[in-house]
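# Chain and residue survey
Residues per chain are reported as follows:
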Amino acid sequence: MKKTILTVFAIVATVAAFSQSERYTSAMKQNISMLDSALSNGKIIDLSNNFERIANAEKTQWLPYYYASYCTIMDALMREDKKQVDVIADKADSLLTKAQELAGSENSEICVIKSMIATAHMTVNPPARYMKYGKASDNYIEKAKQLDSTNPRPVYLQGQNTFYTPKVFGGGKEKAKPYLEKALAMYTKFVPATDLSPNWGKSGTQWFLSQCD
Amino acid sequence: MNKTFITLTLLLLSAFSFAQTTLSGIIKDYKGKPIPGASITLRDTYDGATSDSSGRYNFSTPEKGEKILAVTCVGYKPWEQNITLHAGQMPINIMLKENLDELKAVIVTAGSFEASDSKRTTVLNSIDIVTTASANADVTAAIRTLPGTQQVGEKEGLFVRGGSGEEAKIFIDGTLVNNFFFSSVPDIAQRGRFNPFLFKGTVFTSGGYSALYGQALSAALILETVDLPERTSANVGLSTVGLNAGYQKLAKNNKASWGINYNYTNLLPYFAIVPQKPDYFRMPLYHNAETNFRIKTSRTGMLKFYGYFNYNQLGLRNQDIDSSTLKNAFGLYNNNEYANLSYKEVLGRNWKLNIGTSYSHNLDNVNTDLQNQDNENQHIPYYPYFQKAFKVDSRSQLATLKTVLEKRITGISAVRFGGEYLWNKENTDYSNDTVFHALSSYVDNFTALFAETDIYITNDLAAKLGTRYEYSSYLKKSDIVPRASIAYKLGNKGQVSFAYGMFYQKPERNYLLFSNKYLYQKATHYILNYQKLTTEHTFRVEAYYKKYNDLLKTVPDTNNLGYGYAQGIELFWRDKKSLKNFDYWISYSYLDTKRDYLNYPKSMQPNFAATHTASAVVKKFVLNWKTQFNASYTFATGRPYYNLMADGAGKYYIADQGKTVTYNNLSFSVNYLPRLGKKDSKTFIVWVLSATNVLGNKLVYNYNYSADGMNKVAVTPPAGRFYFLGCFISFGIDRTEDVINNNL
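Quick caveat: nothing in here was measured; it's all calculated off a predicted structure.

Rules and cut-offs
- Residues numbered from 1 in each chain as written.
- Chains lettered and ligands numbered in written order.
- Predicted model: local features only at pLDDT ≥ 70, side-chain atom pairs only at ≥ 80, totals over all residues.
- Helix = DSSP H or I, 4+ residues; strand = E, 2+ residues; numbered from the N terminus.
- Buried ≥ 20, exposed ≤ 12 C-beta atoms within 10 Å, placed from the backbone.
- Contact = placed C-beta atoms within 7 Å.
- Expected span 1.5 Å × (residues − 1).
- Domains from an automatic or database assignment.
- Pairing = 2+ DSSP bridges.
- Axes fitted to C-alpha atoms, helices over the stretch in contact; angles between N-to-C directions.
- Parallel < 35°, antiparallel > 145°, perpendicular 65-115°, else oblique.
- Left-handed = near helix turned anticlockwise from the far one by under 90°.
- Nonpolar A, V, L, I, M, F, W, Y, C, P; charged D, E, K, R; others polar.
- Core = buried A, V, L, I, M, F, W, Y, C linked by C-beta atoms within 7 Å.
- pLDDT = per-residue confidence, 0-100.

## Description of the overall build of chain A
Assigned secondary structure in chain A consists of 10 helices and 0 strands. Ordered by position from the N terminus, the helices and strands of chain A form the series α-α-α-α-α-α-α-α-α-α. Put simply, chain A has 213 residues, and 43% of those count as buried. Long-range pairs, those at least 24 residues apart, make up 57% of the contacts in chain A with a sequence separation of at least 6.

Listed below in C-alpha cells is the structure:
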C-alpha cells in the first residue's frame, strides 16, 4: 500500500514536472514563433505581455523576461509619438534587469537589448541625449561583441544604425552594407544554444540589405 | 488500496480537467476611456490577455478555484482582485487608476522658460543658446530673444517686464552669483562672464518663481552646470578676439573628472581693423582661467566644483559732454574670483538632498579723469567738472550656503524645504581732488528659510504653494512672502497656468554703503499663461500684472516712497518641423509700465522700457555643406529718454524728453564643421563667423545731457557692427554624431 502510494506520487510528480517543463517549452516556442508577425501586425505589446506572464509564473527562467523586454523595447522604437517612449523603455529596462538577475550575468544578448533601450531613450530628444544615450548604445554593442564574437545581433544593430545615419555624416546605405553582409554571414553560422535561445534579426538583416541596393 | 487509488485518480483527473473558464470584459480609466494594451493575468499562470484598442479582453483558462486576477498597464496603477474561478463565462469589467507621473502631469509654466537638455518642458536647449546669431555665445544675450526682455544696449543685465537690470538675479547650481557680468563701463553693456557650454540647464523665469529663490523683484535666471564629460579631451581655439586652450580628464572608471581652461582675450588687433567710436588708451584685455572637478559619489550622488579666476583691464576716452575742449577718460582694472561647490544625493526612498555653497570676490579699480586735447589730466575745481575726476576701488565679497531637502509624498507630489545663508561684505574707497580715501563698507548676514509643496490632484491639475522668510542683519528687517501657482491641462496638449507671488529685494549696494535705514523694495506678480507644446511646435501666450511698492527714491532724500506697475502680453512661437532642417522662433512683448523711483519727478515710463519688442531667430542646417546658418532679427519701438534737472529748491523736473529711434538689429552667424562625418578623425573643428547689425541700422539706446541741458549726445554702440571669426578644435572627441543628431 505504502509502496503503491509512493509510486503513484512519484509518477504524479514526474508527470507534473514533465508537463510543467513541456508546457513552458511549448508556450515559449509558440510565442517566439510569433515574434516577426507581431512586429508587423501591431501585436507586439500582446506578445510582451505573454512573455511577462510566463516569466512571472516560472520565476526562475531568464528567457521569458528577456523576450518580454525585447518586445517592449521594439514597441518603444517603433512609436512615432515619442511621448511615452521613456516610460516604455524604463519598463523594458526593469524586465531586462530581472532577466539579468536570473541569467546570473550580463551576457551578450542582454547587452544587445541594453543598446536598444539606450537608443530608444535617445530618440526622444537626439540633440540633447546623444552624448549620454548614443554613446551608451554604441558601448553596449561593443560589449555584446566582446562577450560573444559569434553573436550576429550586435553587428546587425550596427548596420541598422549606420543605415539610418545620413551619408554626409559617414552613414548611409553603402556604409551600412558591409555590416549587414557580415551580420547575414554570421546568422547563417549562428547556432542558438537551445531551441528557446535568441535567434531573431535575420529577416531584418535581409530586409535592410535589400534596401541597400 | 482501491479506494486510495480511486481518490488519487480522481485528483489527477481533476487536475487535467478540460472544463474551462472564460474571462472577458472591458478595461477603462476613471473617466470611462477604454485602455488598450493592458495586460490581464491570472497570477502565477500563463493565462491572460491583452486589452485591444477598445479596451476589451477575453481569455480562457483551465484553472480552478481561488486565484488572483491582476492587471498592469504602463501609465496606470496596478490592479488586482481575488476571484473564484468556475466553469463557464465570467464577465469582469475593470477600472484602472491613472498613475500620477511626471511625464504626463501638468506643470506650472506661468512665468517660466526652461532651456534644458533633459526635461520635457524644454523651449530652448543649450545648443540653441550657442547658435543664436545675435548672442555671440553669451547666455543672457540668447535669453534676450525670449519674450519679456528688453533690448538694452547701454547697460548689462536682464531688463524684464518693466524691471531694471538689478531686479533680475542669476543663480548657478542653486546659489546666487554676484558680478555675473563683466564690470560696468559707462554706456556699454558688458557680456556675461561664463561660457555657455558650462551649463546643461537654464530656467529663465520672468516672474512668479519658486520660493526657493528670492531677492529679485523681476526675474531669475537659474543655471545648472554640466555633469561628467563624455571622455577625456583637449581643445584649442583661435579667434579675432583671442585664444583659448583647455583639457578635460575623465577617470578610467567614468566616475570622476577634472578640467582646466584658459582664455586670453585682447581686442587690440580687432580694434586696429574695425574702428571704434571711443578712443581706447588701454586695450581691453582679459585673462581668464577656469578649473573644475566632478565626482559621482554614488549611483545617485554628484559632487561638483567650479572655480573661475579673471583679470581684465581697459581704458577709453570720449568727448566731454560739457566742454568741447575736454575729454573724459575711464579706466578699469578688474579682478574676479568665483568658486562653487555643490552636492546632490538621493537619501533613502523618498528624500533628495541638494547642498550648494559658493564664494565670490570682485575688485574694481576705476579711475576717471578729465583730460585736455593732449590727453593730459586736468583739475578744474568747479561744477560740473570737479566731480568728473575720481578714483574708486570697490570690493564685493559674497559667501553663500544653501540646503534644500525634497521629500516625495504620495505619487509625484512633493514637499521641498530648506534654508539659505548669505554673507556679503561691500567696501569702497573713494578719492578725488578734495576727498582723500573716503571709506565706506557694510556687512550683511542674510538668512532665508523656505518651504514649497507640489500638489498633484490629478495628472491634469497641479498646484505649487510656497512661502519664504528672509532676514537681513544689516537692514534689521525681515519679511515673509507667499508664492502660489496652479496649472490645469486642457485637452489637445494645451494647458493654462496661473502664478502669484510676492518678492522683496534689498536696495543696491551704492545706497546701502551709506545707510541701512531702508525697507525692502517689493513687487507683486500675477501671471496667466496658456501653453501648447507638441514635439514640433511650442506656442505660448502670457499676460501679467506686476505692482511695485517701496521702491527707492533719492529725492528729496533717500527713502522707500517709490512705486510703480508693469503689465503686458507676450507671445512665443517655435516651429522645428514644418520645414526640413529649419528651425525658428518668434517672440513678441507688449509692455505698459510706469514708475516713480530714484530722482523721477512723477510716475513715468522708465528709460529702459520699450512698449513693443519682437524677435525672430532662424536656424538652418545645410547637410551637404556641413554648415549651419543662423540669423536673428530684433525690433523694438523707441524708448523714452529724459533730462531730469533740479530746480533751485532741489526739486527735479523734466527739462527735456523724447523717444529714441526704433531699434532694428539683424544678425547673422555661420558655423562650418569641416570634419563632420569623418568618423576616423581624431579632431573636431568648428569655424564660426558672425556679424551683428549687418544692415548697419542706427542704434540709439539713450541720450546724455550736459549739466546745463544745452548739449545732448546719443548713446550708441562703440561700433556700428560687431564681427567675429573663430576656429575651435577639440581633440579626442568625435562630435559628429552629436551634430548629426542635432539636425535629424
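## A short note on the overall build of chain B
From N to C terminus, chain B includes 6 helices and 40 strands. Once the C-alpha set of chain B is aligned to its principal axes, its extents read approximately 130 × 60 × 45 Å. Taking all 744 residues of chain B together, the buried fraction comes to 36%. For chain B, restricting intrachain contacts to residue pairs at least 6 apart in sequence, the fraction spanning at least 24 positions comes to 61%.

## Points about unusual backbone geometry
All names here are of chain B. Following Y383, the chain continues into P384 via a peptide bond in cis, with omega recorded as -5 degrees. For P384, the position within the fold is in the loop between β21 (377–378) and β22 (390–408). Across the junction of V555 and P556, the peptide omega takes the value 0 degrees, indicating a cis bond. Look at Q215: it is not a glycine, yet its phi comes out positive at around 60 degrees. Secondary-structure assignment places Q215 in the loop between β12 (199–205) and β13 (219–225). In this structure Q215 comes out as buried when scored by C-beta crowding, with 21 C-beta atoms within 10 Å.

## Some points on helix α9 (residues 173–189) of chain A
For α9(A), with 17 residues, the first-to-last C-alpha span of 24 Å sits near the 24 Å given by 1.5 Å per residue. Residues of α9(A) that are buried in the fold lie against α8 (152–164) and α10 (202–212) of chain A.

## A few points about the domain arrangement of chain B
Structurally, chain B comprises domain 1 (17–96) and domain 2 (112–743). Each of domain 1 of chain B and domain 2 of chain B has a C-alpha centre, and these two points are 57 Å apart.

## Looking at the sheet that holds strand β3 (residues 48–50) of chain B
Across the sheet, 4 strands lie side by side as β3-β2-β5-β6 (chain B); this open sheet has antiparallel pairing. The sheet terminates laterally at β3 and β6 (79–85) of chain B, the two strands that pair on one side only. Across the sheet, the mean angle separating the axes of adjacent strands is 15 degrees when strand polarity is ignored. As paired elements, strand β5 (residues 65–72) of chain B and β6(B) share 7 bridges and run antiparallel to each other. In the strand pairing of β6(B), B:I68 is matched with B:N82. The strands touched by helix α3 (residues 44–58) of chain A are β2 (39–42) and β3 of chain B; relative to β3(B), the strand with the most contacts, the crossing angle is about 155 degrees.

## Overview of the domain arrangement of chain A
Residue and element names in this part refer to chain A. In terms of domains, chain A is made up of domain 1 (41–144) and domain 2 (150–213). The interface is formed by 7 residues belonging to domain 1 together with 7 residues belonging to domain 2. Mapped by element, the contributors of at least two residues to the side of domain 1 that touches domain 2 are α6 (108–124) and α7 (126–147).

## Observations concerning the packing of helix α4 (residues 62–78) of chain A against helix α5 (residues 85–103) of chain A
All names here are of chain A. One way to put it is that α4 packs onto α5 with a least axis distance of 8 Å and a crossing angle of 165 degrees. Taken together, α4 and α5 sit at an angle that is classed as roughly antiparallel. Read as a crossing pair, α4 and α5 show a hand that is left-handed. Residues W62, Y65, Y66, A68, S69, T72, I73, D75 and A76 of α4 lie in contact with α5, whose contacting residues are V85, I88, A89, K91, A92, L95, L96, K98, A99, L102 and A103. Looking at the contact of α4 with α5, its residues break down into 15 nonpolar, 2 polar and 3 charged.

## Quick word on the nonpolar core
In this structure, B:F171, B:A220 and B:L221 are the most contacted members of the largest nonpolar core, which totals 65 residues. Ranked by residue count, the leading element in this core is β13(B), at 5 residues. Judged by nonpolar contacts, the second largest core, of 52 residues, contains A:A57, A:I73, A:M74 and A:A118.

## Comments concerning the confidence of the model for chain B
Caution is warranted with low-pLDDT regions, since their predicted coordinates should not be read in detail. Residues and elements named next belong to chain B. Model confidence for chain B is summarised by a mean pLDDT of 88, while 92% of its residues fall at 70 or above. Counting contacts from residues 734–744, a segment whose pLDDT is below 50, to residues more than four positions away or on other chains yields 27 contacts. On the interface metric, ipTM, the complex scores 0.84, and its pTM is 0.80.

## Side note on the pairing of strand β30 (residues 559–575) of chain B
All names here are of chain B. Inspection of the sheet shows strand β29 (residues 537–553) paired to β30 by 15 bridges, in the antiparallel sense. Each residue of the ladder has a partner; that of V541, found in β30, is L571. Where β29 folds back onto β30 in an antiparallel hairpin, the turn is made up of 5 residues. Two strands pair when backbone bridges link them, and β30 and strand β31 (residues 582–596) are joined in this way by 13 bridges, in the antiparallel orientation. Within β31, the position partnered with Y565 by the bridge is K594. A loop of 6 residues connects β30 with β31, the two strands running antiparallel in sequence, and N581 in this loop sits at a positive phi of about 55 degrees.

## Side note on the packing of α8(A) against α9(A)
Residue and element names in this part refer to chain A. Contact pair α8 / α9: the axes reach a minimum separation of 8 Å and the direction vectors enclose 165 degrees. Taken together, the axes of α8 and α9 lie roughly antiparallel to each other. By crossing handedness, the relation of α8 to α9 is classed as left-handed. Contacts between α8 and α9 involve P152, V155, Y156, Q158, G159, T162 and F163 on the former and, on the latter, K173, K175, A176, Y179, L180, K182, A183, M186 and Y187.

## Concerning the confidence of the model for chain A
Across chain A, the average pLDDT comes to 87, with 88% of residues at 70 or higher. Confidence scores differ between elements of chain A, with helix α1 (residues 2–33) of chain A showing the lowest mean pLDDT of 72 and α4(A) the highest of 95.

## Some thoughts on the environment of B:N179
Residue and element names in this part refer to chain B. Turning to its location among the elements, N179 is positioned in the loop between β11 (175–177) and β12. By C-beta crowding, N179 is classed as partly exposed, having 19 other C-beta atoms within 10 Å. In this structure the C-alpha to C-alpha distance between N179 and Y471, which are 292 residues apart in sequence, comes to 22 Å. The contact partners of N179, leaving out residues within four places of it in the chain, are N336, S360, N362 and S396.

## Structural notes on the environment of B:W625
Turning to its location among the elements, B:W625 is positioned in the loop between β32 (612–622) and β33 (627–636). Between the C-alpha atoms of B:W625 and B:T558, which are 67 residues apart in sequence, the distance is 61 Å.

## Structural notes on the environment of B:R349
Residue and element names in this part refer to chain B. Within the element layout of this structure, R349 appears in the loop between β19 (327–347) and β20 (351–371). Taking the number of C-beta atoms within 10 Å as the measure of exposure, R349 has 7 and is therefore exposed. Remark: the alpha-carbon pair of R349 and K407, spanning 58 residues in sequence, is separated by 9.0 Å.

## Concerning the pairing of strand β25 (residues 461–472) of chain B
Residues and elements named next belong to chain B. Across the two faces of β25 the burial differs, with A462, K464, G466, R468, E470 and S472 buried and L461, A463, L465, T467, Y469 and Y471 not buried at all. As judged from the 12 bridges shared by strand β24 (residues 438–458) and β25, these two strands associate in the antiparallel manner. In the sheet register, E452 faces β25, and the bridge partner there is G466. By the bridge criterion, 12 bridges tie β25 to strand β26 (residues 477–489) in an arrangement that is antiparallel. Residue L461 lies in a different strand from β26, and its bridge partner there is Y488. From the end of β25 to the start of β26, which pair antiparallel, there are 4 residues, and K476 there has a positive phi angle of about 55 degrees.

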